[in-house]
Amino acid sequence: MTKVLVVYHSRSGNTAKMAQVVAEGAKSGGADVVVKKVEEAALEDLIGADGIVLGAPTYFGTLSAEMKGFIDGSVRVRGKLEDKIGAAFTSSGSPTGGNETTLLSLIQGMLIHGMVIVGDPLETGGHYGAVAVGSPDAESLKSCRKLGERVAKLAKVVGGA
Ligand SMILES: Cc1cc2nc3c(=O)[nH]c(=O)nc-3n(C[C@H](O)[C@H](O)[C@H](O)COP(=O)(O)O)c2cc1C
């Protein structure tokens with residue numbers, strides 16, 4: 001069965017709420033889903049997944065140090081994440097506080113691993129991933145669910161599970 005891993009960092013719970021709904025979306029897309037706080041995620045979790053969705057709060061216009069540390073640590077599994085499906089989500093305090101630059105930084109790490117990234121062409125989702133301003137509202141949650149679902153569906157096609 002297709003496996004989707006959702007790894008997130010969240011200090012005040014907003015990104016955590018998004019993670020749960022991304023996971024629900026991935027489940028409805030037919031995947032076996034594991035959700036982990038970044039503090040609890042291991043590199044083996046990355047290797048075992050067909051799809052990986054990373055979420056972090058926006059800190060100073062980029063991803064939190066906790067998530068950056070996890071991505072930096074993934075240098076040890078370089079070459080083993082190639083062709084996996086990836087996507088990103090973030091919560092920021094302000095609509096123009098750097099949420100898109102955060103998504104791009106998350107995606108950058110995945111691209112460097114040779115992963116295939118899921119974007120969104122429509123207004124119903126963020127172009128570079130799912131975004132919430134503060135606590136996710138209904139629109140944000142819809143885009144989280146859709147992102148998770150698409151990652152699961154694409155991971156199934158690419159992974160052939
Ligand atoms: C150290 C720190 C830096 C932050 N920097 C930004 C920022 O640059 N832009 C922004 O819009 N919000 C910023 N915020 C607000 C958080 O992104 C926002 O509160 C977010 O919803 C927190 O997510 P969480 O509840 O998952 O921890 C910052 C918060 C902290 C604690």
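Refer to the structure printed above.
Rules used in this analysis
Residues numbered from 1 in each chain as written. Predicted model: local features only at pLDDT ≥ 70, side-chain atom pairs only at ≥ 80, totals over all residues. Heavy atoms only, no water. Buried < 20%, exposed > 50% of the residue type's maximum accessible area, 1.4 Å probe, protein only. Helix = DSSP H or I, 4+ residues; strand = E, 2+ residues; numbered from the N terminus. Arc of directions from axis to C-beta. Contact = heavy atoms within 4.5 Å. Expected span 1.5 Å × (residues − 1). Salt bridge = Lys/Arg side-chain N within 4 Å of Asp/Glu carboxyl O. Near = heavy atom within 4 Å. Polar contact = N/O pair within 3.5 Å; in protein donor to acceptor, adjacent residues only side chain to side chain. Nonpolar A, V, L, I, M, F, W, Y, C, P; charged D, E, K, R; others polar. Pairing = 2+ DSSP bridges.

Draft legend 1. Molecular detail of helix α3 (residues 65-73). Residues of α3 that are buried: Met 67, Phe 70, Ile 71 and Gly 73. The buried residues of α3 all sit within an arc of 160° when viewed along its axis, so they share a single face. Of the surrounding elements, those touching the buried residues of α3 are β1 (3-8), α2 (43-48), β3 (51-59), β4 (62-63) and α4 (99-112).

Draft legend 2. Looking closely at helix α1 (residues 14-28). Its 15 residues place the ends of α1 22 Å apart at the C-alpha level, agreeing with the 21 Å of an ideal helix rising 1.5 Å per residue. Within the sequence span of α1, burial applies to Asn 14, Thr 15, Ala 16, Met 18, Ala 19, Val 21, Val 22, Ala 23, Gly 25 and Ala 26. Those residues of α1 that are buried are in contact with β1, β2 (32-37), β3, β5 (85-92), β7 (130-133) and α5 (138-159). Residue Gly 30 follows α1 closely and has a positive phi angle near 100°.

Draft legend 3. Region of interest: the pattern of salt bridges. Inspection of the entire model under this criterion finds 5 salt bridges. One salt bridge in this structure joins Lys 36 and Asp 45, with 3.1 Å as the shortest N-O distance. The partner of Lys 153 in a salt bridge is Glu 149, and the shortest N-O contact between them spans 3.0 Å. Here Lys 153 and its partner Glu 149 are both found in helix α5, 4 residues apart, which amounts to about one turn of the helix.

Draft legend 4. Here's a closer look at the site of the ligand. Taken together, the neighbourhood of the ligand is formed by 17 residues, with Ser 10, Ser 12, Thr 15, Thr 58 and Ser 91 sitting nearest. A distance of 2.9 Å separates an oxygen atom of the ligand from a polar atom in the backbone of Ser 94. With respect to the ligand, the backbone of Gly 97 contributes an N or O atom lying 2.7 Å from a nitrogen atom. Broken down by secondary-structure element, the contributors of at least two residues to the shell around the ligand are α1, β3 and β5. When its residues are assigned to classes, the shell around the ligand shows 3 nonpolar, 13 polar and 1 charged.

Draft legend 5. Here's a closer look at the environment of Pro 136. Position of Pro 136 among the secondary structure elements: in the loop between β7 and α5. In the structure, Pro 136 is positioned 122 residues away from Asn 14 in sequence and 6.5 Å away in space, judged by C-alpha atoms. Non-local contacts of Pro 136, meaning those with residues more than four positions away in its chain, are made with Asn 14, Lys 17, Met 18 and Leu 141.

Draft legend 6. Broad picture of the environment of Ala 41. Considering the arrangement of structural elements, one finds Ala 41 in the loop between β2 and α2. Judged by its relative accessible area of 14%, Ala 41 is buried. Through-space distance from the C-alpha of Ala 41 to that of Val 6 is 9.4 Å; in sequence the pair is 35 residues apart. Those residues within four positions of Ala 41 in sequence are excluded, and the remaining contacts are Val 7, Lys 36 and Phe 70.

Draft legend 7. Structural context of the pairing of β7. Side-chain alternation along β7 places Ala 130 and Ala 132 on a buried face and Val 131 and Val 133 on a face that remains uncovered. The pairing of β5 with β7 spans 4 bridges and is classified as parallel. When the bridges of β7 are listed, Phe 89 appears paired with Ala 130.

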